[in-house]
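One letter stands for each residue in the lines below.
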Amino acid sequence: MEKIKGLRCRECGRASPAAPHHVCEFCFGPLEVDYHYENLQRIVTRARIEAGPPSIWRYKDLLPIDGEVTLGHHVGFTPIIRSRNLAEEWGLKELWIKNDSVCHPTWSFKDRVVSVAVIKAQEFGFDTVACASTGNLANSVAAHAAEARLRSYIFIPADLEQGKIVGTLIYNPTLVAVEGNYDEVNRLCSEVADKYHWAFVNISIRPFYSEGSKTYGFEIFEQLGWRAPKHIVIPCAGGSLLAKVWKALKEWKALGLIEDAGTRIHAAQALGCGPIVTAIKHKTDVLVPVRPNTIAKSLAIGNPADGYYAVKAVKESGGWAEHASDEEVLEGMELLARTEGIFTETAGGVTVAATKKLIEQGIIPRDESVVLSITGMGAKTQEALSGRLPETMTIRPSLAAFDQALAEWKTKH
Ligand SMILES: *Cc1c(COP(=O)(O)O)cnc(C)c1O
Ligand SMILES: [Zn+2]
């Protein structure tokens, strides 16, 4: 079955072949993968998906890969958890946590996009992959390049968290720390991509890469029993995950896999870098780039590549948006850990904090189903919590020492 039609410009609609390009030759609009939906209509069924492997590859028919899955065999199919404690704390009837902090192999949703992109880079015949990253992408590209035995060049802002740097270097890539913010790293990478024949996963082969994000949505719908929730709150950096969950919803409705549930998609960003949320709140689709200043470094993109499309998706769905201050981000991380036993990174704290505000404002009614998008792992952003954690009870190795320390502890707590 032929499934990939080619690329299509999101602005002028002109078609072009499936090649490592990302902008339209005619209008410079962004390109998107287009499928032969009439063929997919005939073969994609719930039963066929359910018979697939417990990974994103159960949705391979809807991903832009021609041949076999050559790497990243265990990516995705992360748990969706029915929240009891946080739901009770917020007075919600039905709250779910889609937990990509345990996505294999590098503990963030970026494994979804990178595994697709690296297989596609192999299909195109590249021997080198590269990326401009806010951290999680760096980890994932380095890991998947190692598995694929490809060279990798990873560009990051020099001030990233130690966990993200170590979690990249362990795979032995060439790590380039750029003294600047993400937007400056990204601009440099566009020039590098023009000069060197490397597959920049989130630049030169971005149309293929971003399709991997759809699987986050597919899993939510399948795991909820082939149904879409009323609300999904999604953290935004470049805006691709949000825009693609919306595309996932539209695809599955068109293929008859789920019913229309009137799902509203809400955007979450940090106050110190929230151009997408600001545009939504101001009811405009004109994004004003900002200079990032937030502890949520994985979301710190001041000029988001898919920002316009994220705003459009939120608007089309009837959703809304909220910012979270750094203090609220930390409280969000602590709240999720205290209530659900899930340690998420700063980006997850942004989602928790924004969701809380949307509930308090009545934008998310307490009797409607809500999915919280937890996209990354807390152990990678430990420095954000320094000075906030409870003290440790330190003792000599004897029962008497413990008895005494326990008595003192109890008087204090
Ligand atoms: C990259 C990232 C996002 C947002 O991704 P975009 O598709 O660029 O909007 C969300 N959460 C985490 C943890 C990320 O690393
Ligand atoms: Zn065009």
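About the thresholds
- Residues numbered from 1 in each chain as written.
- Chains lettered and ligands numbered in written order.
- Predicted model: local features only at pLDDT ≥ 70, side-chain atom pairs only at ≥ 80, totals over all residues.
- Heavy atoms only, no water.
- Core = buried A, V, L, I, M, F, W, Y, C linked by side-chain atoms within 4.5 Å.
- Buried < 20%, exposed > 50% of the residue type's maximum accessible area, 1.4 Å probe, protein only.
- Domains from an automatic or database assignment.
- Contact = heavy atoms within 4.5 Å.
- Near = heavy atom within 4 Å.
- Polar contact = N/O pair within 3.5 Å; in protein donor to acceptor, adjacent residues only side chain to side chain.
- Nonpolar A, V, L, I, M, F, W, Y, C, P; charged D, E, K, R; others polar.
- Helix = DSSP H or I, 4+ residues; strand = E, 2+ residues; numbered from the N terminus.
- Donors = N, O, S within 2.8 Å, 3.2 Å for Na, K, Ca; no water.
- Tetrahedral: all angles 85-135°; square planar, octahedral: opposite > 155°, others 65-115°.
- Buried area = accessible area lost by both parts, 1.4 Å probe.

Chemist: What am I meant to see in the nonpolar core here?
Modeler: Note on soluble globular proteins: their nonpolar side chains tend to be buried together. Residues F221, L242, W252 and A267 are the most contacted members of the largest nonpolar core, which totals 81 residues. For this core, the domains that each give at least three residues are domain 1 (1–43) and domain 2 (80–106 + 211–385). The contacts of W252, once residues within four sequence positions are left out, are I49, Y59, L62, F218, F221, E222, W226, L257 and I258. Grouped together as the second largest cluster of nonpolar side chains are 45 residues, A237, A296, A354 and L385 included.

Chemist: Can you help me understand the site of ligand 1 in this one?
Modeler: Of all residues adjacent to ligand 1, which total 16 residues, the nearest are K110, N136, G238, G239 and T375. Taking S240, its main chain carries an N or O atom lying 3.3 Å from an oxygen atom of ligand 1. One of the backbone nitrogen or oxygen atoms of L241 is found 2.8 Å away from an oxygen atom of ligand 1. By residue class, the composition of the shell around ligand 1 is seven nonpolar, seven polar and two charged.

Chemist: I keep staring at the side chain of S373 and nothing clicks. Help me out?
Modeler: Topologically, S373 is positioned in strand β13 (residues 370–374). Within the structure, the side chain of S373 is placed 2.8 Å from the backbone oxygen of V233, a separation counted as a polar contact. Dropping the residues within four chain positions of it, S373 is found in contact with K98, Y216, I232, V233, I234, P235 and T351.

Chemist: For this particular structure, what's the right way to read the coordination of the zinc ion (ligand 2)?
Modeler: Only C9 (SG), C12 (SG), C24 (SG) and C27 (SG) from the protein reach the zinc ion (ligand 2) as donors, at distances of 2.3 Å. Coordination at the zinc ion (ligand 2) is tetrahedral, judged from the four donor atoms that bind it and the angles of 98 to 119° they form at the metal. Sequence spacing among the residues donating to the zinc ion (ligand 2) works out to C-x2-C-x11-C-x2-C. Here C12, found in the loop between β1 (4–9) and β2 (15–16), pairs with C27, found in the loop between β2 and β3 (31–35); they are 15 residues apart in sequence, far enough to count as distant. The partly exposed category is assigned to C27, whose relative accessible area is 35%.

Chemist: I would appreciate a short explanation of unusual backbone geometry in the present structure.
Modeler: Trans peptide bonds make up most of the peptide bonds, and negative phi angles are found at most residues other than glycine. Of note, the bond from H104 into P105 is cis; its omega dihedral lies within 30 degrees of zero at 0°. Mapped onto the secondary structure, P105 falls in the loop between β5 (95–99) and α4 (110–123). A positive phi angle is found at F28, which is not glycine, with a value near 65°. Residue placement: F28 occurs in the loop between β2 and β3.

Chemist: How should the domain arrangement of the protein chain be read in this particular structure?
Modeler: Split by domain assignment, the protein chain resolves into domain 1 (1–43) and domain 2 (80–106 + 211–385). For domain 1 versus domain 2, the separation of C-alpha centres amounts to 27 Å. Taken together, the nine residues of domain 1 in the interface contact 10 residues of domain 2. Of all residues in domain 1, R10, Y37 and Q41 bury the most surface against domain 2, accounting for 51% of the area lost on that side.

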